[in-house]
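# Topology and contacts: notes
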Amino acid sequence: AAGVIQSPRHLIKEKRETATLKCYPIPRHDTVYWYQQGPGQDPQFLISFYEKMQSDKGSIPDRFSAQQFSDYHSELNMSSLELGDSALYFCASSLGGEETQYFGPGTRLLVL
Amino acid sequence: EDQVTQSPEALRLQEGESSSLNCSYTVSGLRGLFWYRQDPGKGPEFLFTLYSAGEEKEKERLKATLTKKESFLHITAPKPEDSATYLCAVQPNDYKLSFGAGTTVTVRA
């Protein structure tokens, strides 16, 4: 079965640079969630979208923004990167009112 | 504020040695409780969703149960391939997940 696709899988950036992470949800899934997982930590919710509208917001820095497009894929834009932004970034998707979220393989971001 | 506490932090088992993982939670309205398995550097893999106290679900050597305040993940006769970090997450009335810190299970042959 098709799963959530994230790209790129690995990304290395310098401080103060910008990064864009992409997420392609499972076909027919209309809800996308972004999570950040620091080393040795549990995933922390950042932001979610349902039908291209922001549905919830967690501990997402103001330097980050995200959107969901008409084909339901989502992009997380990260500007003025800091060393502390180094983490695994996961995207998850679900179908409308269904509660279960299916996670992608993640993007490992390293900020030098 | 929603809180999820998992214990123990780490569990070392001999192959075939059954055990249980605990997830205790406080949440303002529970839409669902989820168990995920995560291998190092990979995304969480969905295992179970539990909705109400008394509910049980099974998959191969894993069985999840739910009470009003906690959930247990029972691993029966584990194999080395069951080695992973097991994450518990609660979903309150909104849809975002709040995760526990996880239990890292190591099964030795």
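Before going into details, it helps to say that this report is about the structure given with it. Since the structure is predicted, the reported quantities are computational estimates derived from the model, not experimental observations.

## Structural notes on the sheet that holds strand β7 (residues 62-66) of chain B
All names here are of chain B. Within the open sheet, the five strands sit side by side as β1-β3-β8-β7-β6. Their pairing is antiparallel. Taken across any chain shown, the strands that pair with only one partner, and hence form the sheet edges, are β1 (3-7) and β6 (56-59). With strand direction ignored, the average angle separating the axes of adjacent strands in the sheet is 15°. In this sheet, strand β8 (residues 70-75) lies alongside β7 in antiparallel orientation, the contact comprising five bridges. Bridged to L62 within β8 is I75.

## Here's the deal with the interface of chain A and chain B
Between chain A and chain B, the residue contacts involve 18 residues of the former and 20 residues of the latter. Interface area for chain A against chain B, summed over the two sides, is near 1500 Å², with a carbon-plus-sulfur share of 56%. In this structure, the connection of chain A to chain B is made through one salt bridge. Across the pair D56(A) and K96(B) runs a salt bridge, and its minimum N-O distance is 3.4 Å. Summed over the shared surface of chain A and chain B, the result is five residue pairs in polar contact (both at pLDDT 80 or more). Among the elements that take part in the side of chain A that touches chain B, strand β4 (residues 31-37) of chain A stands out by supplying three residues, more than any other. A per-class count over the side of chain A that touches chain B returns nine nonpolar, five polar and four charged.

Each value, and the rule that gives it
- Residues numbered from 1 in each chain as written.
- Chains lettered and ligands numbered in written order.
- Predicted model: local features only at pLDDT ≥ 70, side-chain atom pairs only at ≥ 80, totals over all residues.
- Heavy atoms only, no water.
- Pairing = 2+ DSSP bridges.
- Helix = DSSP H or I, 4+ residues; strand = E, 2+ residues; numbered from the N terminus.
- Axes fitted to C-alpha atoms, helices over the stretch in contact; angles between N-to-C directions.
- Contact = heavy atoms within 4.5 Å.
- Buried area = accessible area lost by both parts, 1.4 Å probe.
- Salt bridge = Lys/Arg side-chain N within 4 Å of Asp/Glu carboxyl O.
- Polar contact = N/O pair within 3.5 Å; in protein donor to acceptor, adjacent residues only side chain to side chain.
- Nonpolar A, V, L, I, M, F, W, Y, C, P; charged D, E, K, R; others polar.

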